[in-house]
Amino acid sequence: MLARIRWGGVPGFVIRRVLLGLIVLIMVSIVVFAATQALPGDPARAILGRSATPQSLAALRLKLHLNQPVFTQYWTWLTGLLRGNLGTSLAAQEPVTTLLRPKLVNSSVLVAVSAILSIPLSIAIGSWAALKREKIFDTLSSNLLLVLAAIPEFVVAVVLVLLLATTVSHVLPAISNIPPGSGPWNYPSALVLPVLTLVIVVAPYVARIVRASMIEVLESDYIEMARLKGLPERTVMIRHALPNALGPVFQVIALNLAYLAGGIVVVEFVFAYAGIGSALRDAVLNHDLPVVQALAMLIAALYVALNLLADVATIMVTPRLRTRL
Amino acid sequence: MIPAAGPDVAAAGVPLETPPVRATSLLRRSLRLWRTRIGVGLVGLLVLLAIVGPFVAPYGQSAPVGAPNALPGGKAALGTDYLGQDVLSRLLDGGRSILITAFIATAAGLIVGVVIGLIAAYARNALDDVLMRAMDVIMAFPQIMLALVAVAVVGAHAWVIVVALALTTVPRIARVARGAALPVVERDFIACAEAMGVPRWRILFVELLPNTLGPLMVEASLRMTYSIAVIAALAFLGLSTDPNGANWGTMIYENQTVLPIQPWGAVAPIIAIALLTMGTGLIGDGIARTAAGIDRSRGGE
């Protein structure tokens, strides 16, 4: 198997990882296709429901290419996917690409802003807690983060609505209404609560990993050496400790970004934010299978790509792993 | 609610030596920590509420008891919801289905995941690669998304949600089981068992499994937390198995629009879910700390 081929150095590792990622993606596409279209039973009936007339069933079967052999169906779907043709939404009667593009932009802005805020914040909290280990800041933040990390995102979201948008105070809008044809950057107040929710959900986890990783590094011999050389504490932290502590953190950040891709389903729904998450929820309720297929592939591809980047980044920043290749 | 980092994270450091740990002794030791005690207390309280609740609920879960959105007081201790149903009764009824579904899904995922992970670690050949790549494929779908797709295709039945959740639990457990078992497979007592002609299934489940329990218990409690969260989130998205039934997730969904008038319809189930997941989270952290402590003390021997 590919993983067994020892093909030297960093470029070899990257090529191996990319090939593995592609194989996983092909498998994912087969799973998505099989689950949504080639399943035993009649997708046309599943979509239209029991009250459908034979005529409308026949028309939908033709539209979904259900009259063709399964392999041909898969091939048509896959090549369409690669050419950016994701089919036609059954609910909106619009090409899926046209339907999803503005929502994808909205969701990307939401995830990007959340990531840009939460990652440095959690690295700072985690490092500071590691440096002040067992002191008041560490004890308080560790316990708070532990509790926050366990609370589901929709609970966090509704509590924020309760505190900041309805019962307790009315500082922010409870609904993040972004009109079609307009970008979320024009409505910063609409972004605050969804972003705050995602930051509260993601930051504790990353901060806890940063703390654990940092403590391990701070106890190592080379940090002791750097301190004994009389380097200022700031240099020791930023130049010597942080880069080595960030290796495992990349993995966690990638997992978290991938998680955000799934977590936005619930958060976007709470705030009625027009993104791919709420689109997925609507598509599921409407049995809009072409949209479900497209979003499942999109989110899975994102996950595979992020994992790939995390593996490569970990290798790049961790010298002792690089030499092992 | 973040998927746990796989063993890759640990792989970036030195592979941990997993000392043999009896599950019961690990649990007992972890109970010395206050966080575990608080966690057990919270989970116990909520489980009790979910089991006993339906019997002590003053009204039926869908019985109208008064005007909609009435504030607490009078006949309804926590007020009424957007349909005039008793919030307290629905709160007492709404935990059982979440807990049962989460428990079955996690247990099923745990069993299958452990079997796959141990087989992969013990095989160390092409079978290992095939199994773990298959796990990667499932891992490429966020839990909530796979559950949503399953519900979209098959419908919102309880078994669909259980299967979808178990399926997404399997690869995460399998990676931890494999990661914990890999260093154990290399040790002498496994080679010894092989030489003595011990059957393979005995090596897997009698020799290998007890040596991977520490990390597995941590991961299992984490998975239970996520299972609860995903099931509640599905109900919150309007995809519960029984649209009219009381369910903490459904209650939050139904009553969030009336938050300014009668907050308790949403706040009561919010508190219940938050306490439950905090409890499982604290238990997991307690076990993790205890397992890590055992590692350290053995390393110092």
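As the structure is a computational prediction, the values presented were derived from the model and not from experiment.

Definitions and limits used
- Residues numbered from 1 in each chain as written.
- Chains lettered and ligands numbered in written order.
- Predicted model: local features only at pLDDT ≥ 70, side-chain atom pairs only at ≥ 80, totals over all residues.
- Heavy atoms only, no water.
- Helix = DSSP H or I, 4+ residues; strand = E, 2+ residues; numbered from the N terminus.
- Buried < 20%, exposed > 50% of the residue type's maximum accessible area, 1.4 Å probe, protein only.
- Contact = heavy atoms within 4.5 Å.
- Buried area = accessible area lost by both parts, 1.4 Å probe.
- Salt bridge = Lys/Arg side-chain N within 4 Å of Asp/Glu carboxyl O.
- Polar contact = N/O pair within 3.5 Å; in protein donor to acceptor, adjacent residues only side chain to side chain.
- Nonpolar A, V, L, I, M, F, W, Y, C, P; charged D, E, K, R; others polar.
- Phe/Tyr/Trp six-rings, centres within 6.5 Å; stacked < 30°, edge-to-face > 60°.
- Core = buried A, V, L, I, M, F, W, Y, C linked by side-chain atoms within 4.5 Å.
- 1 Å grid on protein atoms, 1.4 Å probe; cavity = no way out; pocket = protein on both sides within 12 Å on 5 of 7 lines; lining within 4 Å.
- Points joined across faces, edges and corners; volume = space filled by probe spheres on them.

Novice: How do you make sense of the overall build of chain A when you look at a structure like this?
Specialist: For chain A, the helix and strand inventory stands at 13 helices and zero strands. In sequence order, the secondary structure elements of chain A are arranged as α-α-α-α-α-α-α-α-α-α-α-α-α. Every one of the 325 residues in chain A was classed for burial, and the buried ones make up 49%. Long-range pairs, those at least 24 residues apart, make up 69% of the contacts in chain A with a sequence separation of at least 6.

Novice: Mind showing me how you'd approach the interface of chain A and chain B here?
Specialist: For an interface, size is often stated in terms of accessible area lost upon the parts coming together. Residue-level contacts link 60 residues of chain A with 55 residues of chain B. Roughly 4,900 Å² is buried in total at the junction of chain A and chain B, and carbon and sulfur atoms are behind 76% of that figure. In this assembly, chain A and chain B are joined by one salt bridge. Between Asp285(B) and Arg208(A) there is a salt bridge whose closest N-O contact spans 2.5 Å. On the surface where chain A and chain B come into contact, there are four residue pairs in polar contact (both at pLDDT 80 or more). Mapped onto the side of chain A that touches chain B, the elements with two or more residues apiece are helix 1 (9–36), helix 6 (136–150), helix 7 (153–165), helix 8 (188–218), helix 10 (233–270), helix 11 (276–285), helix 12 (289–317) and helix 13 (319–322) of chain A. Sort the elements by how many residues they give to the side of chain A that touches chain B and helix 10 of chain A lands first, with twelve residues. Class assignment of the residues belonging to the side of chain A that touches chain B gives a composition of 47 nonpolar, eight polar and five charged.

Novice: Any chance you could explain the packing of aromatic side chains here in plain terms?
Specialist: Summed over the entire model, instances satisfying the criterion amount to seven aromatic pairs over all chains. Ring plane angle 20° and centroid distance 4.8 Å describe the contact between Phe154(A) and Phe236(B), whose orientation is recorded as stacked. Within this pair, whereas Phe154(A) is found in helix 7, its partner Phe236(B) is found in helix 11 (residues 213–236), the two belonging to separate chains. Assigned by exposure class, Phe154(A) and Phe236(B) land together as buried.

Novice: Whenever I open this one, the nonpolar core confuses me. Can you help?
Specialist: A general tendency of soluble globular proteins is for nonpolar side chains to be buried together. With 132 residues, the main nonpolar core has Val28(A), Phe154(A), Leu148(B) and Trp248(B) as its most contacted residues. For Leu148(B), the residues in contact, after removing those within four places along its chain, are Val265(A), Leu280(A), Val284(A), Leu234(B), Leu237(B) and Leu239(B). Membership of the second largest hydrophobic core comes to 16 residues, among which are Leu118(B), Tyr122(B), Ile203(B) and Leu204(B).

Novice: What is the right way to read the pattern of salt bridges from this model?
Specialist: When their charged atoms lie close together, side chains carrying opposite charge are able to pair. Evaluated as defined, the whole model comprises nine salt bridges over all chains. With a closest N to O distance of 2.7 Å, Asp285(B) and Arg35(B) form a salt bridge. Of this pair, Asp285(B) sits in helix 13 (residues 264–299) while Arg35(B) sits in helix 3 (residues 34–56); the two residues are 250 residues apart in sequence, bridging distant segments of the chain. Here Asp285(B) and Arg35(B) have matching classes, each one buried. When the shortest N-O distance is used, the salt bridge between Arg223(B) and Glu219(B) registers 2.7 Å. One end of the pair, Arg223(B), and the other, Glu219(B), are both in helix 11, four residues apart, so they sit about a helical turn from each other. Of the two residues, Arg223(B) and Glu219(B), neither departs from the other in class, the shared state being buried. Put simply, Arg208(A), Arg35(B), Asp285(B) and Arg289(B) are held in one network by salt bridges that share partners.

Novice: Help me out: how do you make sense of the layout of surface pockets in this one?
Specialist: If a probe as big as a water molecule is rolled over the atoms, it shows which places are left empty. Residue and element names in this part refer to chain B. Space inside the second largest pocket adds up to approximately 740 Å³. Phe103, Thr106, Ala220, Ser221 and Met224 are, among the 30 residues lining the second largest pocket, the residues nearest its centre. Contributions of two or more residues to the lining of the second largest pocket are made by helix 2 (23–30), helix 3, helix 5 (96–123), helix 11 and helix 13. Counting residues per element, the lining of the second largest pocket draws most heavily on helix 5, at nine residues. For the lining of the second largest pocket, the per-class residue count stands at 24 nonpolar, five polar and one charged.

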